[in-house]
Amino acid sequence: MADHRDGLPQGKKGNLLDRSADEQAVFQDPGLPPHRPRTTDVDSGAAKRAERQVALLFAISIIGSILFFVGYFGVRVDGDIYSVTDSAPTAALRLQNLLLGGGIALGMLGIGVGVVHWARTLMPDHELVEERHDVVTEDQRAEAEQIVGTILDESGIKRRPLIRNTLIGAAVLAPLPFVGLLKDLGPLNLTPLRHTLWDQGVRLVRDPSGTPIKASDVTLGSTFHVLPENLMDLGHEEGYLDQKAKAVVLLMRLDPDIVTVTPGREDWNVDGIFAYSKVCTHVGCPIALYEQHTHHLLCPCHQSTFDLANECEVVFGPASRPLPQLPIQVDDEGYLVARSDFTEPVGPTYSQRVIAVNEMEEENGN
Amino acid sequence: MSASTTTQGNTAEYQADTNVGKIANFVDTRVGLSPIIKEFGRKIFPDHWSFMFGEVALYCFIILLLSGTFLAFWFDPTMVTTEYTGSYVPMQGVEMSAAYASSLNISFDIRGGLFLRQLHHWAALLFSVAIMVHMARIFFTGAFRRPRELNWVVGCLLFVMALVAGFSGYSLPDDVLSGNGLRIVDGLARSVPLVGAYISMLIFGGEFPGHGIIGRLYIVHVFIVPMIILALVVVHLFMVVVHKHTQFPGPGRTENNVVGFPVGPVYAAKAGGFFFIVFGVLAAIAATVQINAIWNYGPYDPSPVQAGSQPDWYMLWTDGALRIMPGNWPFTWEWDLFGLVTLPMAILLPIVALTVFIIGMFTWPWIERWVTKDNRVHNILDRPRNAPARTGLGVAAMVYYGVLMIAATGDLIATHFHLAVNDVIYLLRFLFFFGPIIAFIITRRVCLALQRKDREIVLHGRETGRVQQLPHGEFIEVHEPLDEYRRYKLVAFEDNQVLPAQQDAKGKVTGSEKLRGRLSRLFFEDRVAPVTPAELDAAHHEHAHDVHELESAGSSSSGH
Ligand code: HEM
Ligand code: FES
């Protein structure tokens, strides 16, 4: 650092200070260092030993491949794998996997280590030098340019702009049909995003058993994972999962003293029993964790935290919006039912959401 | 044509003696092997441990093709519902997609199927590790500079494709975790301004999850992406052959030569053997370490989710970016513009953060060239310490990436160290902005210190650990001078300078040129110049003095 030569760089060398011509300024390349012989080069005994080691490694590979078949035919994984009570793999399956995989591993490693050992000990280790060549030489480039010129010239594309321009137009349009074909990858209709299976009078039932819930079942501190009862009628091929993905709801009873309810939502809960969409407003994971003492709901995906005391306002994490509340009431038989569908789209945000919210508000207002 | 010239030219046609020779000769005279062997048979490849990560990536890809093809024999990429009847008891009678059922079958009812699944998955993990380490090697040694900029771009494309390959594969078994990953894709797609919800509809063929996604991902996973990767790999390797491999500076190595081992036999044996080693190691892992135990998760169902579930490691940084963004702080990040468009900035900004990283990656060779105005061909690599600013920037990028990756495990870290998740996230938010800056400053300083250390070693020799006392009582450590080969390794690097902002043709200094000048200062201001022979001479004189003192002390003591 003692050194502060402020010379501006020369020519095409960018910021390099080129002093290669000055003998006192740069060290000259001493050339390749002399070759140092390995023990296997000078000691024939060592070479013989290396040879035997390589052969042994190849033999290990052969044994490994045989081991595979021992595992394949020798180990029986009979009957039922994994019992209901014990979800650990049965010893037999694990042993089989070990023998099959271990056999292949040895088969490969024996060859690999053997060949590398062979190369390192017995093949010549003299470093060799090869010249590099420029990627292109200037006369090649000139020649190529000339050829391209000839091609363009013979095609006449420069002289006949009419041909050129129509060709460009055609080439731009020709791929478009294939882009157009992509449109039918899916329906382009966003209204389903506004609605779920919930509706006035639809019973809240337990997930997955499908049994309805009485208000008295919901004790302080308990959480229910809830589905709309009409989901149970839907077959798998009729969009069961699509509907379930939107309609899942969490239900719990909260201490009436701690909750604040905005005007207009007073009758959305049943004596402190609240129902909220379980679909995170961030990017849609199901919310699964209820911390009773803080009355927070936590999304396991990115830790968005929603405050049940405050109508699921976001208190931490990447979600920006409270979880939508499902208005509920009690039916004649004392079971919990929905008062209506959600009043806003559930789940992650999309551009047209604000329009949807406004239109849904208008509908509900009427 | 060549045959006719040979006969006309009266040159006797070559006749092989051995059987192998005869076969080879037959093939050669039909398709022309000789030129290929002439070109490649003794081609020279430099040898260095850091050059093997690209190879590992290539070998992983081959293993993925092989194991993936076997999986495809049994995997059923459809979402029709079936009732499970295989031998895994807890799932018997459960309704599930055919994709999930067939994944269970591969695991439990196809002999060796579990091994294949685990081999495929472990190979996918190692594939992405190898690609990233390989890229780091290229970056830190400056191997992306002219003439290899385009190959760097191909490498970046491979990095991106590896992510696509991994994610699409992870989603195929249609278990709870993979379905949840797809649900996040739905959320991300929806966030795209104006067209997002439509994109999601197109991807899933309607509302999430729909019935089509597994089949679509399947064609992406087993055909489109592997084909693209294969094509990129071919181009990549072709360019390596055209450019010839770079080499580290050292005695005998110049910009105009390649020093190393010939393909046949040494290099081919080492590289070929190494393929079997990678395969063997992956097989050993797949034989012993369970991965993605889909039977524990159950078939995809939108309702349950497991806390602490993480995507594969190469996707962590995308997940982490989503996690550290505050949704409501200091104000809401969901913007309703004019009551017409909703913009979920809390999702869009993390996507921007990831995009910036990827764009920076793709364009770095050009950015660096703009700053340094260095348009020369570079076949000799930089030792990372000899490019302190670049190395600092590389480490900064790694910290940026690392913070995002760690953020994706924020909840696990919190539970493990008994911290509040919130505090972990606050810290990571801080580190996201300041970590890279701190890393840059520290790394650059460390590089400069290492360079100075190199100077010391060249000038005063290597420390031997032996201590001797000078006659006047002072202790000195004996230094051993370097031989000329070792020394050359430490002095053979380019002496780059600050290149201040220049006037353009009209005699004006443009704004961007001023910026470039400032960056150039950041790059090279404190640079440490290589030792010159003149400096070494001067240092030797000084030494001679010390040594002389030592020797005279020795002789005088024996004189007593
Ligand atoms: C190019 C790099 C590739 C990567 C990074 C990759 C990655 C993955 C991953 C992470 C999985 C999930 C594995 C599991 O735990 O079940 C997977 C599954 C799968 N992959 Fe690949 N893969 C690649 C190439 C291929 C190729 C070339 C094929 C076929 C020709 C293939 C066929 C499959 C199949 C059929 C499955 C589903 C297996 C199951 O669910 O049991 N993959 N892939
Ligand atoms: S999906 Fe809930 S926090 Fe991201």
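Everything numeric in this text was worked out from a predicted model, so none of it was measured.

## Describing the environment of R194 of chain A
Residues and elements named next belong to chain A.
1) Next: Position of R194 relative to the elements: it lies in the loop between α6 (176-181) and β2 (204-206).
2) Next: For the pair formed by R194 and G103, sequence separation is 91 residues and the distance between their alpha carbons is 56 Å.
3) Next: Apart from the residues within four sequence positions on either side, R194 is in contact with D341, P345, Y350, A356, E359, M360 and E363.

## Let's talk about the site of ligand 1
Residue and element names in this part refer to chain B.
1) Next: If you check the shell around ligand 1, you find 28 residues, and the closest are R117, H120, H121, H221 and N292.
2) Next: One nitrogen or oxygen atom from the side chain of H120 is found 2.9 Å from a nitrogen atom belonging to ligand 1.
3) Next: Side-chain polar atom of H121 to an oxygen atom of ligand 1: 2.6 Å apart, as the coordinates give it.
4) Next: Top contributing element to the shell around ligand 1 by residue count: helix α4 (residues 53-74), with 7 residues.
5) Next: Looking at the shell around ligand 1, its residues break down into 17 nonpolar, 9 polar and 2 charged.

## Considering the domain arrangement of chain A
Frequently, the measure chosen for interface size is the accessible area that the parts lose on association.
1) Next: The domain boundaries assigned to chain A delineate domain 1 (39-125 + 145-183) and domain 2 (191-365).
2) Next: Computed from C-alpha atoms alone, the centre-to-centre distance between domain 1 of chain A and domain 2 of chain A is 50 Å.

## A closer look at the coordination of the iron atom of ligand 1
Residues and elements named next belong to chain B.
1) Next: Surrounding the iron atom of ligand 1 are the protein donor atoms H120 (NE2) and H221 (NE2), which sit 1.9 to 2.0 Å from the metal.
2) Next: Taken together, the 6 donor atoms surrounding the iron atom of ligand 1 define angles of 89 to 179° at the centre, an arrangement classified as octahedral. One end of the pair, H120, is in helix α6 (residues 113-141); the other, H221, is in helix α10 (residues 213-243), with 101 residues separating them in the sequence. Both residues of the pair, H120 and H221, belong to the buried class.

## Comments concerning the UniProt feature "domain: Cytochrome b/b6 N-terminal region profile" (unreviewed entry) in chain B
1) Next: The feature "domain: Cytochrome b/b6 N-terminal region profile" (unreviewed entry), as given by UniProt, occupies residues 23-249 of chain B in the numbering adopted here.
2) Next: Regarding residues 23-249 of chain B, the helix share stands at 69% and the strand share at 4%, and the terminal C-alpha atoms are separated by 43 Å.

## Observations regarding the UniProt feature "domain: Rieske" (unreviewed entry) in chain A
1) Next: In this numbering, the UniProt entry assigns the feature "domain: Rieske" (unreviewed entry) to residues 246-337 of chain A.
2) Next: Helix makes up 2% of residues 246-337 of chain A and strand makes up 30%, while its end C-alpha atoms are separated by 17 Å.

Rules of the game
- Residues numbered from 1 in each chain as written.
- Chains lettered and ligands numbered in written order.
- Predicted model: local features only at pLDDT ≥ 70, side-chain atom pairs only at ≥ 80, totals over all residues.
- Heavy atoms only, no water.
- Helix = DSSP H or I, 4+ residues; strand = E, 2+ residues; numbered from the N terminus.
- Contact = heavy atoms within 4.5 Å.
- Near = heavy atom within 4 Å.
- Polar contact = N/O pair within 3.5 Å; in protein donor to acceptor, adjacent residues only side chain to side chain.
- Nonpolar A, V, L, I, M, F, W, Y, C, P; charged D, E, K, R; others polar.
- Domains from an automatic or database assignment.
- Donors = N, O, S within 2.8 Å, 3.2 Å for Na, K, Ca; no water.
- Tetrahedral: all angles 85-135°; square planar, octahedral: opposite > 155°, others 65-115°.
- Buried < 20%, exposed > 50% of the residue type's maximum accessible area, 1.4 Å probe, protein only.
- UniProt positions renumbered as here; feature names shortened; annotations may be inferred.

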